[in-house]
Amino acid sequence: MKPLSQKVAQTLIKKIKQAEQSAAENDSFVYCDDYLALARLYNSLDNYQKEIAVLTRFIDLGRAANEDLPIVERQLSEAKAALHEQRQIQKISGTNPIAATQDKSREKPSEPSKVPPLQLENETAADAPIWPSNREQPASLSARDIINVHEQPLDTIKLVSMCAAYTGKSEEDEIFELAIISFEYCQNNDTVTRILDEYHGTRQTAKTIPPEAIARLNTHNRGKSPKYLDVNKVNKIFEQADAVISHNDPHIERQLFLCLFPHLSAVKWRSSQSDIPWQALGFSEKGLSKLLHRYQFKRPNRTPVERAKAIIRLLSQFEPGTQTSLFKRLLHCQPMKPFEWTKSLKQRADKLQKKRFSFGFKR
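Residues numbered from 1 in each chain as written. Predicted model: local features only at pLDDT ≥ 70, side-chain atom pairs only at ≥ 80, totals over all residues. Heavy atoms only, no water.

The subject of this paragraph is the overall build of the protein chain. When you go through the protein chain residue by residue, the secondary structure sums to 12 helices and 7 strands. Within the protein chain, the fraction of its 363 residues that count as buried is 48%. Here the protein chain has roughly 18900 Å² of accessible surface; of this, 50% comes from carbon and sulfur atoms. (Helix = DSSP H or I, 4+ residues; strand = E, 2+ residues; numbered from the N terminus. Buried < 20%, exposed > 50% of the residue type's maximum accessible area, 1.4 Å probe, protein only. Areas by Shrake-Rupley, 256 points an atom, 1.4 Å probe, with all protein chains shown as cover.)

Below is the structure:
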């Protein structure tokens, strides 16, 4: 890269980093102008991999203003096509134009869409009125009924909605009630096509369940008889799941869940509360019930089962002033960082696995 081009790129990268930091601090949108300028600079140098990485970074932030997304997605498609054409020329001529423009590239010609994420320098890998855009679904709609007529070919992924009740938020606390629902989401039609399966279970815990947790979540009274989590059922629901979605306390919920099911730690985890820029979209609060009330859903959302269904119901709604769902927004966001096992968490998980066949689990 020539010195002038390099200086321009560094200036744009600095502006992009500042805009991303400001958006994160203020829960606001990020606009595409600087990303497009940087992408076009790389395009002029035939460096399509970096162009794709810049545009993908913008989309994956999940903070794009709605009018910006079609512009960026269109340029991203053109960049991928250009990269594919470049690689075809490489195969025919036996040359390596990608290496010439990028110094190093270990991409396989058969995988044109897989591009490393862009890393910028010094970087490690009052309520508005209710809008008429709640998909005209009656407030009594259940999770099983969120099915829309599809017009485009089905391109479905499997997702899991989860809500857990736990004794507290420390490493020594445990889940005592779990609700999970698996469903198909069609990416072409931006809609939930069908509910696949659901499960609700409770378990004994070493710690006493706080009365306020029972009162707040309206969890079922288990009495003195032991209840169990069905491990095989949980495994079946998570089989081939693209991601799990939770709302409140996603970090502690994931941690406590994976201490019970450590073999599921590779599943992507998304937070409908933390990842979506609710304030930028015009919401003053992020609580699940509050958000649903803004969409005129008044049903109770207290028990884990109700909340797991409510997450699907909420994300099926349109963003304010658009015809795209909140699911699409969330899936454009980057998932939570991969789970990291500390020594104490490993010990905690091992301890719970030893008790798997003594109490707390169904054989």
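There is more to say, and it comes next.
So, about the sheet that holds strand β1 (residues 156-166). Read across the sheet, 5 strands follow the order β3-β2-β1-β5-β6 without closing on themselves; strand pairing throughout is mixed. The open sheet has two free edges, formed respectively by β3 (191-202) and β6 (268-271), since each of these has just one partner strand. Looking at each pair of strands side by side, their axes are set apart by 25 degrees on average, direction ignored. By the bridge criterion, 11 bridges tie β1 to strand β2 (residues 175-186) in an arrangement that is antiparallel. Its bridge partner being in β2, Ser161 is matched across the sheet by Ile181. Of the strands in this sheet, β1, β2, β3 and β5 (243-246) touch helix α7 (residues 231-238), which is tilted by about 165 degrees from β3. Packing against the sheet, helix α10 (residues 304-315) makes contact with β1, β2, β3 and β5, and its axis sits at approximately 140 degrees to β1. (Pairing = 2+ DSSP bridges. Axes fitted to C-alpha atoms, helices over the stretch in contact; angles between N-to-C directions. Contact = heavy atoms within 4.5 Å.)

Glancing now at empty space enclosed by the protein. Taken as a whole, the largest cavity encloses approximately 80 Å³ of empty space. What lines the largest cavity is a set of 13 residues, among which Leu69, Glu319, Lys328, Arg329 and His332 lie closest to the centre. Listed by contribution, the elements that provide at least two residues to the lining of the largest cavity are α3 (48-60) and α11 (326-332). Looking at the lining of the largest cavity element by element, the count peaks at 3 residues for α11. Considered class by class, the residues forming the lining of the largest cavity number 4 nonpolar, 5 polar and 4 charged. (1 Å grid on protein atoms, 1.4 Å probe; cavity = no way out; pocket = protein on both sides within 12 Å on 5 of 7 lines; lining within 4 Å. Points joined across faces, edges and corners; volume = space filled by probe spheres on them. Nonpolar A, V, L, I, M, F, W, Y, C, P; charged D, E, K, R; others polar.)

What follows deals with unusual backbone geometry. Of note, the phi angle at Asp46 is positive, near 60 degrees, even though the residue is not glycine. The backbone of Gln240 sits at a positive phi, close to 65 degrees, despite the residue not being glycine. Tracing the backbone shows Gln240 in the loop between α7 and β5. A residue is classified by how much of its surface remains accessible, and Gln240, at 73% relative accessible area, is exposed.

The next subject is the nonpolar core. Core analysis: the biggest nonpolar cluster contains 30 residues, and Leu159, Leu314, Leu315, Leu326 and Phe327 have the highest contact counts within it. Residue assignment for this core shows that the elements contributing at least two residues are β1, β2, β3, β5, α9 (288-294), α10 and α11. Every residue in contact with Leu159, bar those within four places of it in the chain, is listed here: Ile181, Ser182, Phe183, Tyr185, Asp242, Ala243, Ile245, Phe327 and Leu331. Formed by 29 residues, the second largest nonpolar core is a distinct cluster that contains Tyr199, Leu256, Trp269 and Leu345. (Core = buried A, V, L, I, M, F, W, Y, C linked by side-chain atoms within 4.5 Å.)

Turning our attention to the packing of aromatic side chains. A complete count under the given rule lists 9 aromatic pairs for this structure. Taking 5.2 Å as the distance between ring centres and 35 degrees as the angle between the ring planes, the aromatic pair formed by Tyr185 and Phe327 counts as tilted. Taken as a pair, Tyr185 in strand β2 and Phe327 in helix α11 lie far apart in primary sequence, 142 residues in all. Considered together, Tyr185 and Phe327 belong to a single accessibility category, that of buried residues. Taken together, a centroid distance of 6.0 Å and an interplanar angle of 55 degrees make the contact between Phe257 and Trp269 tilted. (Phe/Tyr/Trp six-rings, centres within 6.5 Å; stacked < 30°, edge-to-face > 60°.)

Function cannot be inferred from these measures alone, as they are strictly geometric.
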